[in-house]
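Okay, here's what each chain looks like letter by letter:
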Amino acid sequence: MRLRGVLPRLTTPNACWSCRGPVPAAEPFCPTCKAVQPPGQADHFSRLGFARTFDLDPKLVERRYFELQRKLHPDRFATRSPKERAVSQAQATSLNEAYETLMDPLRRAAYLLKLSGIETIGDGKTVADPALLMEAMEMREALAEARTPAEVDSVVSGARRDAEAATAQLSRDFASEDLEAAKKTTLRLTYLDKLIDDARARRLNVA
Amino acid sequence: MTLLQLHEPGETPLPHEGDQALAVGIDLGTTNSVVAISAHSKPEVLRDADGNGLVPSVVAYTDAGPVVGSAAQARIVDAPETVIFSVKRLMGRGAADVKALAGTLPYKLDAAQGGMVRLLIGEKRLTPVEVSAEILRAVKAQAEQHLGREVTKAVVTVPAYFDDAARLATKDAAKLAGLEVLRLVNEPTAAALAYGLDQAAEGIYAVYDLGGGTFDISILRLEKGVFQVLATGGDASLGGDDFDHAIAEHWLADRKSELGSEPITSGEAKQTLKSARAAKEALTSRDAGDFPVMLRGKTTLHRLTRAELDRLIQPWVDKTIAICRQVVSDARLDLSEIQGVVLVGGSTRVPQVRRAVETFFGKTPLSDIDPDEVVALGAALQAEALTSGSETLLLDVLPLSLGIETMGGLVEKIVDRNTPIPVAKAQEFTTYQDGQAAMLVHVVQGERETVAECRSLARFVLAGIPPMTAGAARIRVTFQVDADGLLTVSASEKTTGIEQRVEVKPSYGLSEEEMARMLEESLEHGREDMERRLLIENRVEGQRVLLALRSALAADASMLDAGEADRIEKARQGLARAIEGDDRDRIKAAVEALEDVARPFAERRMDRAIRAGLAGHSIDEFKGDPGGCLAPDPEEEKS
């Protein structure tokens, strides 16, 4: 027999803190007594109802996030018991974390790599790639030398084009399951994002 | 149809008591406070009898007790030393901050003891929390007056840029005033809510909020009922007050060059500031004017033109624009992506401010909703949403990064500013000495890299770390920020599971004992209030009983037995006397006595009425009557 598509996960139901009845894992509400449930251990992708993939539509991520926050945000529980308020806060906290991670291509890539056991941030080896280091230094120099808004703009638009290309590359890296390449591209995108941030700040100051 | 329907006192339904709890929105401002309420998404400012919606955030401590609002303001002339205004600037502040503000606040401060600053008014040493609680009590009373019923729940707004200590101080003040805070909402977010729902706006908007003492700029995305803050920034001590000070100092410098040095009392300073404020307000619609300054009984007139005013306030206006720049950059946006800019706060009436905002954003700013009232209106909408349910969703962010002190007085950031809240972040730290048994955790808030330049929120010691070599212990520090922007920190050593949890309170907050004492005092008042309420309730009940009896006697006095009339009359007089007094137990007992003695009379009247009702009818007629008591209710039997 061949198994196709998504395997139904073998998870034991949790006991509802309120009515003690069974609650399927990752269900935010008890099916019996409707009490809000703690967020549990789900990863960011499954929390927002996605498969683990780099190719996500940000509009869809946002829509799912808003939909869930509408139901789970502490504002919906302001007049409820302290226990329900605490549980909803935990849910909203997990949703925010998932949203922030999945919305940003860089953080999404780093998180996907982390789920595969590959650390990209703070592993002390980020400058081991001489080509990348050289490119980063050149970009920094270009920004430092930019004196007029137009010059800064040109650095920004260059970096943006590169960041878009790096994001497209990441999509290919993950599609072909080349995690080493994905790690390299992720580091490159880290530099580019930082440069764009700095350039944007500088753009406002020279304006 | 029972004649004497006697309630147990305390159970009398007060008007509307059965309704959903009433929740108001309160803008606790530096200069003015406003209270509003919303029903069916239509918010409305609750005004006083004269139609004023703004309650001046001024408190005067008189012999007869605290006075708030314009009555307090009026005392600046006669008893300036008893008057406190702009207390919001001191919320969550400590001795060090006050030094920075020294001279800008014309009242005596006692910062000697460390911790939260105290205001010295006569014999009193007051915390900003207590003074703010007086203002909140006054707006609460105004709302109750207007609505004719008690208000116990509120959404209170705070400047987006308020740090943890100032937020906590605000919440404590509300608690002291007898208000349950449903949520602290950031002022620009509240304003956006009022605009967004009013104008069905969509897209990215900036909210520029310049009040009396605080400046906030928030950038929000509005989409289908979601109000998502993308970035926020500001300055918790920059506002219209600074404009007033600049004008006053300018005039005093003029006088000095004319009349030489003069000592200035705190009362004279307050009056000069008042005059400066009047000048600033006058110059929003005029180009120039002459304004009085009176020191030591001698009044001088000072000319101020619009151009001069613009020059005097320019440094502060520039500062707000620099902050706008930073926040646009933090939101990762270009100016062209911002669809509109909304003006909030009384200080945005100053033409120079409007001009600067318009120039920077390249758009004509929106100010359709009164900038003094828009925040309270938004707060009221949120109060309604929290109590009655709503489709709108406010997603706010942390205004200032949170971190802890590491070696060498440096800050390790744990939660970055502009992270959506609620948020929880954890970080692991380790010991730096062999056998180190305890670790000091110093929590700070701010953007700078050294502890000295950030704000100290709390310190606590994680003790009982088992002896290990340096670097072996795993201490996990978790920061949890709730939807009010308030922080809870916990720390645990992972190999042993030793856990410590602290509510971030200490550095500039009230101590536990102080808060407990203040709450106890306000609860004592609460008990007094409750007593009074019960007394009134008992009186009303007693009067109602007397009235009912009178009607019954008027109709059916002929049914009284011999001697019964005397007994009832005696009990009636007993109750009438009890109502005159202040003893609610006596009233209660008198009501009961009258009820007992009149019961046979009431029963006879009932019997007769039933008999009269039955006469001429067959028993079958009553069988199908769901309200009748002759046949069992089939529905009731089932259940």
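Quick caveat, the model's predicted, so the values are computed rather than measured.

A. How the structure looks around the overall build of chain A. Broken down by element type, chain A carries seven helices and two strands. Listing each helix as α and each strand as β along chain A from the N terminus yields β-β-α-α-α-α-α-α-α. Split into buried and exposed, the 207 residues of chain A put 33% on the buried side.

B. Focus on the overall build of chain B. Helix and strand counts for chain B come out as 15 helices and 27 strands. For chain B, the proportion of its 639 residues judged to be buried stands at 41%.

C. Expanded view of helix H6 (residues 149-175) of chain A. All names here are of chain A. End to end, H6 covers 39 Å across 27 residues, agreeing with the expected 39 Å (1.5 Å per residue, within 8%). Three or more residues of H6 are buried, namely Val 152, Val 155, Val 156, Ala 159, Ala 166, Leu 170, Asp 173 and Phe 174. Where H6 terminates, the next one or two residues include Glu 177, which has phi positive at roughly 55 degrees.

D. Local environment of the packing of helix H7 (residues 240-259) of chain B against helix H9 (residues 306-330) of chain B. Residue and element names in this part refer to chain B. Packing of H7 against H9 brings their axes to within 9 Å, and their N-to-C directions diverge by 130 degrees. Here H7 lies oblique to H9, going by the angle between them. The way H7 lies across H9 gives a crossing that is right-handed. Contacts from Asp 242, Phe 243, Ala 246, Ile 247 and His 250 in H7 reach Leu 309, Leu 312, Ile 313 and Trp 316 in H9.

E. Layout of the pairing of strand S5 (residues 58-62) of chain B. Residues and elements named next belong to chain B. Across the five residues of S5, four count as buried, placing the element largely inside the fold. Sheet topology note: the S5/strand S7 (residues 83-85) ladder contains three bridges and is antiparallel. Residue Val 58 lies in a different strand from S7, and its bridge partner there is Phe 85. Bridge count between S5 and strand S6 (residues 65-68): four bridges; the pairing is antiparallel. Each bridged residue has a counterpart across the sheet, and for Tyr 61 the counterpart in S6 is Pro 66.

F. Seen up close, the nonpolar core. In terms of nonpolar packing, the biggest core is built from 159 residues, with Val24(B) and Ala36(B) touching the most fellow members. Non-local contacts of Val24(B), meaning those with residues more than four positions away in its chain, are made with Val35(B), Ala36(B), Ile37(B), Ala143(B), Val151(B), Ala154(B), Ala380(B) and Ala383(B). Tyr111(A), Leu112(A), Tyr191(A) and Ala199(A) belong to the second largest nonpolar core, which has 22 residues in total.

G. Local environment of the sheet that holds strand S15 (residues 226-235) of chain B. Residue and element names in this part refer to chain B. With respect to topology, five strands assemble into an open sheet ordered S18-S13-S14-S15-S19, the strand pairing being mixed. Strand pairing shows two members of the sheet lacking a second neighbour, strand S18 (340-344) and strand S19 (393-395), which therefore form its edges. On average, each strand axis in the sheet is inclined to that of its neighbour by 25 degrees, with strand direction left out of account. Where S15 and S19 come together, three bridges link them in parallel fashion.

H. Representation of the domain arrangement of chain B within the structure. Residue and element names in this part refer to chain B. Along its sequence, chain B is organised into domain 1 (23-239 + 313-395), domain 2 (240-312), domain 3 (402-510) and domain 4 (513-622). Of the residues lining the interface, 20 residues belong to domain 1; the matching set on domain 3 comes to 16 residues. Those elements that provide at least two residues to the side of domain 1 that touches domain 3 are helix H5 (164-176), strand S12 (180-186) and S15. In terms of residue count, H5 provides more of the side of domain 1 that touches domain 3 than any other element does, six residues in total. By residue class, the composition of the side of domain 1 that touches domain 3 is eight nonpolar, five polar and seven charged.

I. View of the confidence of the model for chain B. Residue and element names in this part refer to chain B. Scored by pLDDT, chain B has a mean of 82; 83% of the residues are at 70 or more. Between residues 1-19, whose pLDDT stays under 50, and residues either more than four places distant or in other chains, the model counts 33 contacts. Of the two predicted TM-score estimates for the complex, the pTM is 0.76 and the ipTM is 0.85.

J. Region of interest: the interface of chain B and chain A. Chain B puts 19 residues into the contact, and the matching count from chain A is 16 residues. Listed by contribution, the elements that provide at least two residues to the side of chain B that touches chain A are S12, H9, helix H11 (374-388), S19 and strand S22 (423-429) of chain B. Among the residues making up the side of chain B that touches chain A, the classes are represented as 13 nonpolar, two polar and four charged.

K. Local environment of the environment of Thr348(B). All names here are of chain B. For Thr 348, the position within the fold is in the loop between S18 and helix H10 (351-361). A tally of 21 C-beta atoms within 10 Å means that Thr 348 is categorised as buried. Residues Thr 348 and Gly 240, 108 residues apart in the sequence, show an inter-C-alpha distance of 8.9 Å. Beyond its immediate stretch of four places on either side in the chain, Thr 348 contacts Tyr 208, Leu 210, Leu 343, Val 353, Arg 354, Ser 367 and Pro 371.

L. Spotlight on unusual backbone geometry. All names here are of chain B. Residue Ile 421 is joined to Pro 422 through a cis peptide bond whose omega torsion reads 0 degrees. Despite not being glycine, Arg 296 shows a phi value in the positive range, around 45 degrees. Looking at the element boundaries, Arg 296 is found in the loop between strand S16 (288-295) and strand S17 (298-305). Residue Arg 332 is not a glycine yet carries a positive backbone phi of 55 degrees. One can find Arg 332 in the loop between H9 and S18.

M. Seen up close, the domain arrangement of chain A. Parsing chain A into structural domains produces domain 1 (14-103) and domain 2 (130-206). Just the C-alpha atoms count here: the centres of domain 1 of chain A and domain 2 of chain A sit 34 Å apart.

N. Representation of the sheet that holds strand S10 (residues 124-126) of chain B in the model. All names here are of chain B. Taken in spatial order, the three strands line up as S8-S9-S10 in an open sheet, and their pairing is antiparallel. Looking along the sheet, the strands with just one partner apiece sit at the ends: strand S8 (109-110) and S10. Taken together, the two bridges between S8 and strand S9 (residues 118-121) define a ladder with antiparallel strand orientation. Note that in S9 the partner of Leu 109 across the bridge is Leu 119.

O. Molecular detail of the environment of Gln91(A). Residues and elements named next belong to chain A. Looking at where Gln 91 falls in the secondary structure, it is placed in helix H3 (residues 82-103). A count of 26 C-beta atoms within 10 Å places Gln 91 in the buried class. For the pair Gln 91 and Val 36, spaced 55 residues apart in sequence, the C-alpha to C-alpha distance is 8.8 Å. In this view, Gln 91 contacts Pro 28, Val 36, Pro 39 and Leu 72; residues no more than four positions away in its chain are not counted.

Rules behind the numbers
- Residues numbered from 1 in each chain as written.
- Chains lettered and ligands numbered in written order.
- Predicted model: local features only at pLDDT ≥ 70, side-chain atom pairs only at ≥ 80, totals over all residues.
- Helix = DSSP H or I, 4+ residues; strand = E, 2+ residues; numbered from the N terminus.
- Buried ≥ 20, exposed ≤ 12 C-beta atoms within 10 Å, placed from the backbone.
- Expected span 1.5 Å × (residues − 1).
- Axes fitted to C-alpha atoms, helices over the stretch in contact; angles between N-to-C directions.
- Parallel < 35°, antiparallel > 145°, perpendicular 65-115°, else oblique.
- Left-handed = near helix turned anticlockwise from the far one by under 90°.
- Contact = placed C-beta atoms within 7 Å.
- Pairing = 2+ DSSP bridges.
- Core = buried A, V, L, I, M, F, W, Y, C linked by C-beta atoms within 7 Å.
- Domains from an automatic or database assignment.
- Nonpolar A, V, L, I, M, F, W, Y, C, P; charged D, E, K, R; others polar.
- pLDDT = per-residue confidence, 0-100.

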